[in-house]
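The residues making up each chain are set out below.
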Amino acid sequence: MAKRLAERLAETGRSEVHVLTGGIPEWTRNGTEDLPTFDVPGKDFSLGIRDERDTPSVSAAELKTLKDQGADVVVIDTRTLPEFTAGHVPGAVGVPGAELLLRFADVVPSPDTHVVVSCAGLPRAIIGAQTLIDAGVPNQVSYLHDGTRAWKEENLELETGATAVYAPIDHAAREAAAQRVEAITANDTFPHIDVQTAQVWAADPDRTTYLLDVRTPEEFEQSHLPGSITSEGGQLLGVSYRTIAVRGARVVLIDDLTGARAAVVSHWLQRRGFEIALLLHDFESGIAR
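Residues numbered from 1 in each chain as written. Predicted model: local features only at pLDDT ≥ 70, side-chain atom pairs only at ≥ 80, totals over all residues. Heavy atoms only, no water.

**Concerning the pattern of salt bridges**
Applying the stated criterion across every chain yields a total of 18 salt bridges. A salt bridge links R261 to E99; its shortest N-O distance comes to 3.0 Å. Taken together, the residues R261 in helix α13 (residues 260–269) and E99 in the loop between β3 (93–94) and α6 (100–107) connect sequence positions 162 residues apart. Residue R261 shares its accessibility class with E99, and that shared class is buried. One salt-bridge network, held together by shared partners, links E99, R103, R174, E219, D255, D256 and R261. (Salt bridge = Lys/Arg side-chain N within 4 Å of Asp/Glu carboxyl O. Helix = DSSP H or I, 4+ residues; strand = E, 2+ residues; numbered from the N terminus. Buried < 20%, exposed > 50% of the residue type's maximum accessible area, 1.4 Å probe, protein only.)

**As for the layout of surface pockets**
Over the atoms rolls a probe the size of a water molecule, and its path tells where empty space is left. The space that makes up the second largest pocket amounts to roughly 330 Å³. Among the secondary structure elements, those contributing two or more residues to the lining of the second largest pocket are α6, α11 (217–222) and β9 (275–282). For the lining of the second largest pocket, a count of residues per class yields five nonpolar, four polar and seven charged. (1 Å grid on protein atoms, 1.4 Å probe; cavity = no way out; pocket = protein on both sides within 12 Å on 5 of 7 lines; lining within 4 Å. Points joined across faces, edges and corners; volume = space filled by probe spheres on them. Nonpolar A, V, L, I, M, F, W, Y, C, P; charged D, E, K, R; others polar.)

**Description of the side chain of D255**
Here D255 is to be found in strand β8 (residues 250–255). The exposure class assigned to D255 is buried, which follows from its relative accessible area of 0%. Here the side chain of D255 touches R261 through a polar contact of 2.9 Å, landing on its backbone nitrogen. In this structure D255 touches V214, R215, A260, R261, A262, L279, L280, H281 and F283, once residues within four positions along its chain are discounted. (Polar contact = N/O pair within 3.5 Å; in protein donor to acceptor, adjacent residues only side chain to side chain. Contact = heavy atoms within 4.5 Å.)

**With respect to unusual backbone geometry**
One non-glycine residue with positive phi stands out, namely D54, at about 55°. In this structure D54 comes out as exposed when scored by relative accessible area, which is 64%. Although it is not a glycine, N155 sits at a positive phi angle of roughly 60°. Its location among the elements puts N155 in the loop between α8 (147–153) and α9 (171–184). In this structure N155 comes out as exposed when scored by relative accessible area, which is 70%.

Encoded structure:
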């Protein structure tokens, strides 16, 4: 299959097309633990954010010391819940990246708590930490350098299972999230469209349009707009190319009326050159704005 595709691409003028001899079985013959990541764009982008904003960090050893000393510190793991369940820093709370503003008040009620954002490596941790800083949370915020990988390299054990994850959002937390959305989007300008416009764009044969629902998969399962696909916002920040494969496509981010998830995703994706529009929808009453 790879050879046939390479031949077709060569026929269309692509000059740098190669076929991996032996395919995936050969690539994974010695295991997958030490293989390089293909998440190059997201990693480079996050490092650019870190260097530009001087995002604070802590090492695994420093975090272990803080925990041992009983410091007021909470670790927020911004990966997907299945990744979190497979292994995380002990005591961490699973809050996927796009959920940070929406869930923050419930997870971190005290402004005195030191918040450490973690992922498996760097991209989602750096972007998550800088998201909280840009949103103006009063807490000290850092990211865990190299995430769970660094924790294991210090010969420290990971915790497994869905030990602590975000809870249903309450009214007070949603109000706090709305205020932080205003802060993080102060200099952002995106068109807001309705469902009818999204449907017209999606049906356009001359232009690719992605209708991406950035809420949780559980919310999507309960109710979603026809033609949309579930695409957790935190994943879009770190590995957007896995979903947005067509260059120059329109990207419609679909969220509830608070718009906290869409605000976080659009805040960063705009810097990747994507053409973004927002569709905020009341999934209970069916009203969009």
